[in-house]
Amino acid sequence: MKKLNVKKDDTVVVISGKDKGKQGKVLTAFPAEERVVVQGANMVTRHRKPRKQGEAGGRIEHEGTINASNVMLVCPKCGKATRVGHAMDGDKKVRVCKKCGKNID
């Protein structure tokens, strides 16, 4: 199992691709595939046929996955996009902001 530096509900900024510069919350993370779904980024269109009575069909937009290396965590303390470091807080391993040094978790 691979580890990611971002988790669900983290705020991230997209650093490459068509949505470069967009900021959003991580909705889901897939560590095995090294991919994340970011709110409002990488919008893809699905053509849906109505399956039930009264259900709407048509083109439905939703977020697609982005490679985890193309997003960077935004520190909640200093508000800047930062790399993630790791440190020990007692007997627990925590994520640390590389810019301000504060605990992210």
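In this report, we go over the structure that sits alongside the text. Note that the coordinates shown come from a computational prediction; the quantities given were computed from them, not determined experimentally.

Focus on the overall build of the protein chain
Counting secondary structure elements, the protein chain contains zero helices and 10 strands. Tracing the protein chain from N to C terminus, the helices and strands come up as β-β-β-β-β-β-β-β-β-β. Its C-alpha atoms give the protein chain a radius of gyration of 17 Å, clearly above 13 Å, the size a compact globule of 105 residues would have. Dimensions along the principal axes, computed over C-alpha positions, put the protein chain at roughly 55 × 30 × 20 Å. A buried classification covers 28% of the 105 residues belonging to the protein chain. Across the protein chain, contacts joining residues at least 24 apart in sequence account for 39% of those joining residues at least 6 apart. Counting every atom, the protein chain has about 7300 Å² of accessible surface; 47% of that belongs to carbon and sulfur. Between the mean site of the 24 positive side-chain charges and the mean site of the 11 negative ones, the protein chain shows a separation of 4 Å.

Observations regarding the side chain of R95
When you line up the elements, R95 lands in strand β10 (residues 92–97). Residue classification places R95 among the buried positions, given a relative accessible area of 6%. Among the polar contacts listed, one links the side chain of R95 to the backbone oxygen of N5, at a separation of 2.8 Å. In contact with R95, other than residues within four places in its own chain, are N5, V6, K7, D10, L73, V84, G85, H86, K102, N103, I104 and D105.

Some words on the environment of M43
Here M43 lies in strand β4 (residues 43–48). The sequence separation of M43 and C97 amounts to 54 residues, and the corresponding C-alpha distance is 29 Å. Setting aside residues up to four positions removed in sequence, M43 forms contacts with K18, D19, E61, H62 and E63.

Focus on unusual backbone geometry
Phi at D9 takes a positive value of approximately 75°, unusual for a residue other than glycine. Within the fold, D9 resides in the segment before β1 (11–14). We note that N42 has phi near 55°; this positive angle belongs to a residue other than glycine. Relative to the helices and strands, N42 resides in the loop between β3 (35–38) and β4. Overall, N42 belongs to the buried group, its relative accessible area being 19%.

Digging into a positive patch on the surface
A cluster of basic side chains, namely K80, R83, K98 and K99, defines a positive patch on the protein surface. Using a relative accessible area of 55% as the deciding quantity, one classes K99 as exposed.

Remarks on the nonpolar core
Ranked by internal contacts, the top residues of the largest apolar core, which has 16 residues, are V6, V12, V36, V38, I66, V71 and L73. Going through the elements one at a time, β1, β3 and β7 (71–74) are the ones with two or more residues in this core. With near-sequence residues (within four places) excluded, L73 lies in contact with N5, V6, D10, T11, V12, K80, A81, T82, V84, R95 and I104.

Here is what the cut-offs are and how they apply
Residues numbered from 1 in each chain as written. Predicted model: local features only at pLDDT ≥ 70, side-chain atom pairs only at ≥ 80, totals over all residues. Heavy atoms only, no water. Helix = DSSP H or I, 4+ residues; strand = E, 2+ residues; numbered from the N terminus. Rg over C-alpha atoms; globule rule 2.2 N^0.38 Å. Buried < 20%, exposed > 50% of the residue type's maximum accessible area, 1.4 Å probe, protein only. Contact = heavy atoms within 4.5 Å. Areas by Shrake-Rupley, 256 points an atom, 1.4 Å probe, with all protein chains shown as cover. Lys, Arg positive; Asp, Glu negative; His and termini not counted. Charge placed at Lys NZ, Arg CZ, Asp CG, Glu CD. Polar contact = N/O pair within 3.5 Å; in protein donor to acceptor, adjacent residues only side chain to side chain. Patch = residues over 30% accessible without salt bridge, like charges linked within 9 Å, V, L, I, M, F, W, Y side chains within 5 Å. Salt bridge = Lys/Arg side-chain N within 4 Å of Asp/Glu carboxyl O. Core = buried A, V, L, I, M, F, W, Y, C linked by side-chain atoms within 4.5 Å.

Function cannot be read off these values alone, since they describe shape.
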